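Residue-level structure breakdown
As a plain string of letters, each chain reads:
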Amino acid sequence: MTHEKAGFLEVRNVEALYGQAILAVHDVSLKVGEGNIVALLGANGAGKSTTLKAISNLLGPARGRVSKGDILWRDEQINDLSASKLVARGIVQVLEGRHVFQQLTVEENILSGAFVRKLSRNALRESLEQVYTWFPYLKQKRKIKAGLTSGGEQQMVAIGRALMTKPRLVLLDEPSMGLAPIVVQEIFEILRGLNRGSGVSFLLAEQNANLALKYADHGYILEMGRVALSGTAEELRARDDVHDFYLGGAKPSVPH
Ligand SMILES: Nc1ncnc2c1ncn2[C@@H]1O[C@H](COP(=O)(O)OP(=O)(O)O)[C@@H](O)[C@H]1O
Ligand SMILES: [Mg+2]
């Protein structure tokens, strides 16, 4: 007999507003299964960042809020839990645009991620070393001011800092933005390793659909604040219309 697995993350018919009336997300439903990498795709303005912030309860500073629908985490409604309570439960967001403290060193930036956990010195060290095993580059650069490192390194710092919270689900907003393809590839390989090695799940907002679908298990395509299409990454990769209509580009040609 098969049992329905307990829910992990489930977003049900969420609507989100900015101010009184700017409807940014009309109706989004999606699921992330435990251990999955799920891609949230769509053009600029489709509602990807708003959806991620609706989940992590980070809309407030932009005067945004979830106006309808439910966000469930392990079958419990979490719409009203603060971002820090969500972090304590294992959900952390890496914001779009690599927000690192420019004047702090790489290591200080990474350590700053742990402030929500009350850790002993040893536990802190251990978490830090763990981050360095995933991102060996960062260890080499640990004493350098983050503002002086490359864009790719800053993205790694932002991810490393989030990992200090020991998340089960990372909401990652456009990690590829502004980075060279080779660097992005490297970051995605690390994320895949983390996912396979530690079972960390990812909900990954990306405009770069070809790339995201290469690493994801499932994908959702947003269009004007609604889910226009969803499926396994394999299904979405195979559909020509996905590339033509939703993702603004041709399907990558098969090399020969
Ligand atoms: N702080 C904000 N105030 C008002 N409208 C916003 C704000 N942030 C985003 N929006 C609007 O919400 C819609 C969805 O934006 P966003 O979630 O940022 O899309 P994406 O991340 O897919 O590019 C867009 O129409 C955008 O203009
Ligand atoms: Mg965005």
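Keep in mind the model is a prediction, meaning the values are calculated, not measured.

1. Description of the overall build of the protein chain
Along the backbone of the protein chain there are 10 helices and 10 strands. The C-alpha atoms of the protein chain give a radius of gyration of 18 Å, which matches the 18 Å a tight globule of 256 residues would have. Each principal axis of the C-alpha distribution contributes one length, and for the protein chain these read about 50 × 50 × 50 Å. In the protein chain, which comprises 256 residues, the share counted as buried stands at 46%. Long-range contacts, defined here as pairs at least 24 residues apart, represent 68% of the contacts in the protein chain between residues at least 6 apart.

2. Some points on the domain arrangement of the protein chain
Domain boundaries in the protein chain define domain 1 (1-90 + 167-256) and domain 2 (98-166). With centres defined by C-alpha atoms, the gap from domain 1 to domain 2 works out at 24 Å. Carbon and sulfur atoms supply 74% of the area buried between domain 1 and domain 2, which totals about 1,300 Å² over both sides. Looking at the side of domain 1 facing domain 2, the largest losses of area belong to Pro 167, Ile 190 and Leu 194, adding up to 36% of the total buried there. Of all the elements in the fold, those that place two or more residues in the side of domain 1 that touches domain 2 are β7 (169-173) and α7 (181-198). Take the side of domain 1 that touches domain 2: its biggest share by element is seven residues, from α7. Across the side of domain 1 that touches domain 2, the residue classes tally to 12 nonpolar, one polar and three charged.

3. What to know about the pairing of strand β10 (residues 226-232)
The side chains of a regular strand alternate, first on one face of the sheet and then on the other. The sheet contact formed by strand β9 (residues 218-223) and β10 spans six bridges and is antiparallel. Directly across from Glu 223, in β10, lies its bridge partner Arg 226. Where β9 folds back on β10, the antiparallel hairpin that results is connected by two residues, among which Met 224 adopts a positive phi of roughly 45°.

4. Some remarks on unusual backbone geometry
The phi torsion at Asn 13 lies on the positive side, around 50°, for a residue other than glycine. Take Asn 13: it is sitting in strand β1 (residues 9-18). Although it is not a glycine, Asp 75 adopts a positive phi angle of roughly 70°. With respect to the helices and strands, the residue Asp 75 is situated in the loop between β4 (64-73) and β5 (76-77).

5. Let's talk about the pattern of salt bridges
Scanning all chains against the criterion turns up 11 salt bridges. Among the ionic pairs, Glu 174 bridges to Lys 48, the shortest N-O distance being 3.7 Å. On the criterion of sequence distance, the pair formed by Glu 174 in the loop between β7 and α7 and Lys 48 in helix α1 (residues 48-56) is long-range, its members being 126 residues apart. With respect to class, Glu 174 is no different from Lys 48; both count as buried. Lys 141 is paired through a salt bridge with Glu 153; the nearest N and O atoms lie 3.1 Å apart. Highlighted residues: Lys 141 in the loop between α5 (136-140) and α6 (151-163) and Glu 153 in helix α6, separated in sequence by 12 residues. Relative accessible area serves as the criterion here: at 27%, Lys 141 is assigned to the partly exposed category. Residue class for Glu 153 comes out buried when judged on its relative accessible area of 13%. Residues participating in the shared-partner salt-bridge network are Glu 107, Arg 125, Glu 129, Lys 139 and Arg 142.

6. Comments concerning the site of ligand 1
The environment of ligand 1 is formed by Tyr 18, Ile 22, Ala 24, Ala 43, Asn 44, Gly 45, Ala 46, Gly 47, Lys 48, Ser 49, Thr 50 and Ala 62. A distance of 2.8 Å is found between an oxygen atom of ligand 1 and a side-chain nitrogen or oxygen belonging to Lys 48. Within the backbone of Ser 49, one N or O atom sits 2.8 Å away from an oxygen atom of ligand 1. Contact with the protein chains covers 64% of the free accessible surface of ligand 1, which is 550 Å². Elements with a contribution of two residues or more to the shell around ligand 1: β2 (22-32) and α1.

Thresholds applied
Residues numbered from 1 in each chain as written. Chains lettered and ligands numbered in written order. Predicted model: local features only at pLDDT ≥ 70, side-chain atom pairs only at ≥ 80, totals over all residues. Heavy atoms only, no water. Helix = DSSP H or I, 4+ residues; strand = E, 2+ residues; numbered from the N terminus. Rg over C-alpha atoms; globule rule 2.2 N^0.38 Å. Buried < 20%, exposed > 50% of the residue type's maximum accessible area, 1.4 Å probe, protein only. Contact = heavy atoms within 4.5 Å. Domains from an automatic or database assignment. Buried area = accessible area lost by both parts, 1.4 Å probe. Nonpolar A, V, L, I, M, F, W, Y, C, P; charged D, E, K, R; others polar. Pairing = 2+ DSSP bridges. Salt bridge = Lys/Arg side-chain N within 4 Å of Asp/Glu carboxyl O. Near = heavy atom within 4 Å. Polar contact = N/O pair within 3.5 Å; in protein donor to acceptor, adjacent residues only side chain to side chain. Areas by Shrake-Rupley, 256 points an atom, 1.4 Å probe, with all protein chains shown as cover.

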